[in-house]
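# Chain and residue survey
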Amino acid sequence: MEVGALVIIFALVVLFAFLGLGAWVTAKAVGAAKRGVDRTLTQARRTVEDTTLKAKSFGQVGVTAALAQLRLDLRTSMRATQAALYQGVQADASLKESIALFERLSRHGHELDEELKRLEQEPDRKRTAERLPGLRERTAKITESADSLRWAARDRARQFADEDLAALSAQIEVESGALRDWSRESVDDLAAAAAEWDAGAGRPAPGAAREAGHGRPASAGAREAAGRPALDASGPKTAHPWQKKAPRPEAAS
């Protein structure tokens, strides 16, 4: 009974573990799907807002067009800088400090964007027009700072790429020079090393083999092989198919 109870308890523990794991996987999948939907909605909303701002900046005049153009310039600069920094930090960890500065700059950018958005709905166009110079100055400061970070990150990445390319080109030049080094001295060294190895292994050198081939046989076996006739009369004769066969014994009887 005790063994059976232990088996049942173990089975329940395993079952609950599988149920908990299934619930965790399901929650993770739902969370990932929700984040994907949120990103899609955010991207779609940004696209719609950018299209609306472009339409206002080109299709209208006065304060409304000026505010729309300021918002469009601000959003374009901040978005490009964010993409450049977050993509570059994957290869260059030193950009983390730049990202921290950009996050602080983003807070000022969001505040300015919200203020410009509120002023678009402001009915008092005269007072809004009076504030335009200050708004342009704030927008210029933020966009110039964002552009400076973005171009500095790109210049840094390009410098690293140029240095890596220069080092690679130098290594390839050295390797190419080594591959083209086919001087006669190196070939003679290889031939001498091969001759020494053959002598140590008891093999005749190629020159000695050629001299032995042009001179007389060096051993009695070679002399015997040289004096032996080409055809040995004592050897078995070859039966040709056109020769008559010997009569069979039964035919003679």
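Every chain is numbered independently, its residues counted from 1 as its sequence is written. The model is predicted, so local features are restricted to residues of pLDDT at least 70 and side-chain atom pairs to those at 80 or more, both for listing and for counting; the totals for chains, interfaces and linings are taken over all residues. With hydrogens and water stripped out, all remaining heavy atoms of the structure feed into the side-chain values.

## Topic: the overall build of the protein
Along the protein, the regular secondary structure elements total eight helices and zero strands. Each helix corresponds to a stretch of at least 4 residues labelled H or I by DSSP, and each strand to a stretch of at least 2 residues labelled E; elements are numbered beginning at the N terminus. The secondary structure elements of the protein, listed N-terminal to C-terminal, are α-α-α-α-α-α-α-α. When each of the 253 residues of the protein is scored for burial, the buried share is 18%. By the convention used here, residues are in contact when the closest approach between their heavy atoms is within 4.5 Å. Taking all contacts inside the protein whose residues are at least 6 apart in sequence as the whole, residues at least 24 apart take part in 65%. Computed with the Shrake-Rupley method and a 1.4 Å probe, the accessible areas treat only the protein chains shown as cover for residues. Here the protein has roughly 20000 Å² of accessible surface; of this, 60% comes from carbon and sulfur atoms. For every residue, the accessible area (1.4 Å probe, protein chains only) is compared with the maximum for its type, and the residue is labelled buried under 20%, exposed over 50%, or partly exposed between those bounds.

## A closer look at the packing of helix 2 (residues 63–88) against helix 3 (residues 96–120)
Where helix 2 meets helix 3, the closest approach of the two axes is 10 Å, and the angle between their N-to-C directions is 160°. Comparing the axis directions of helix 2 and helix 3 gives the class roughly antiparallel. When the axes of helix 2 and helix 3 are compared, the crossing they make is left-handed. All residues other than Ala, Val, Leu, Ile, Met, Phe, Trp, Tyr, Cys, Pro, Asp, Glu, Lys and Arg, Gly among them, are scored as polar; the first ten of these are nonpolar and the last four charged. Taken together, the residues of the contact of helix 2 with helix 3 break down into 13 nonpolar, five polar and six charged. In this description, a line fitted to the C-alpha atoms serves as the axis of each element, helices being fitted only across the stretch in contact, and the angle between N-to-C directions of two axes falls anywhere from 0 to 180 degrees. Roughly parallel means an angle under 35 degrees; roughly antiparallel, over 145; roughly perpendicular, 65 to 115; everything else is oblique. Left-handed describes a crossing in which the near helix is turned anticlockwise from the far one by less than a right angle; the clockwise case is right-handed.

## Focus: the side chain of threonine 143
Along the chain, threonine 143 turns up in helix 4 (residues 125–179). A polar atom in the side chain of threonine 143 sits 3.1 Å from the backbone oxygen of alanine 140. Apart from residues lying up to four places away in sequence, threonine 143 is in contact with Asp73, Leu74 and Ser77. Each polar contact in these results corresponds to two N or O atoms within 3.5 Å; when the atoms are within protein, one needs to be able to donate a hydrogen and the other to accept it, and residues that are neighboring in sequence are counted only if both atoms are side-chain atoms.

## Observations regarding the environment of threonine 143
Classification of threonine 143 as buried rests on a relative accessible area of 12%. Linking threonine 143 and leucine 105, residues 38 residues apart in sequence, is a C-alpha distance of 9.5 Å.

## What to know about the packing of aromatic side chains
Centre distance within 6.5 Å is the pairing criterion for rings of Phe, Tyr and Trp, where only the six-membered ring of Trp is used; planes under 30 degrees apart are then read as stacked, over 60 as edge-to-face, and the remainder as tilted. The full count for this structure, using the stated rule, is zero aromatic pairs. Geometrically, a charge over a ring is one whose NZ (Lys) or CZ (Arg) sits within 6 Å of the ring centre while staying within 35 degrees of the ring normal. In this arrangement the basic side chain of arginine 154 is found over the ring face of tryptophan 151, its NZ or CZ atom lying 5.2 Å from the centre.

## Regarding the nonpolar core
We call a set of buried residues a nonpolar core when its members are Ala, Val, Leu, Ile, Met, Phe, Trp, Tyr or Cys and they connect through side-chain atoms within 4.5 Å of each other. Leu67, Met78, Leu112, Leu116, Leu132, Leu135 and Ile142 are the most contacted members of the largest nonpolar core, which totals 21 residues. At the level of elements, helix 2, helix 3 and helix 4 are the ones that each hand at least two residues to this core. Counting residues per element, this core draws most heavily on helix 2, which supplies seven residues. Those residues in contact with leucine 67 that sit more than four places away from it in its chain are Leu116, Leu119, Glu120, Arg125, Thr128, Leu132 and Leu135.

## Some thoughts on the pattern of salt bridges
Between Lys or Arg on one side and Asp or Glu on the other, a salt bridge is scored when a side-chain nitrogen of the former is within 4 Å of a carboxyl oxygen of the latter. Scanning the model with the defined rule gives nine salt bridges in all. For arginine 156, the salt bridge is made with aspartate 92, and the minimal N-O distance between the two is 2.4 Å. Taken together, the residues arginine 156 in helix 4 and aspartate 92 in the loop between helix 2 and helix 3 connect sequence positions 64 residues apart. Judged by its relative accessible area of 35%, arginine 156 is partly exposed. Residue class for aspartate 92 comes out buried when judged on its relative accessible area of 13%.

Interpretation in functional terms is not warranted from these geometric data alone.
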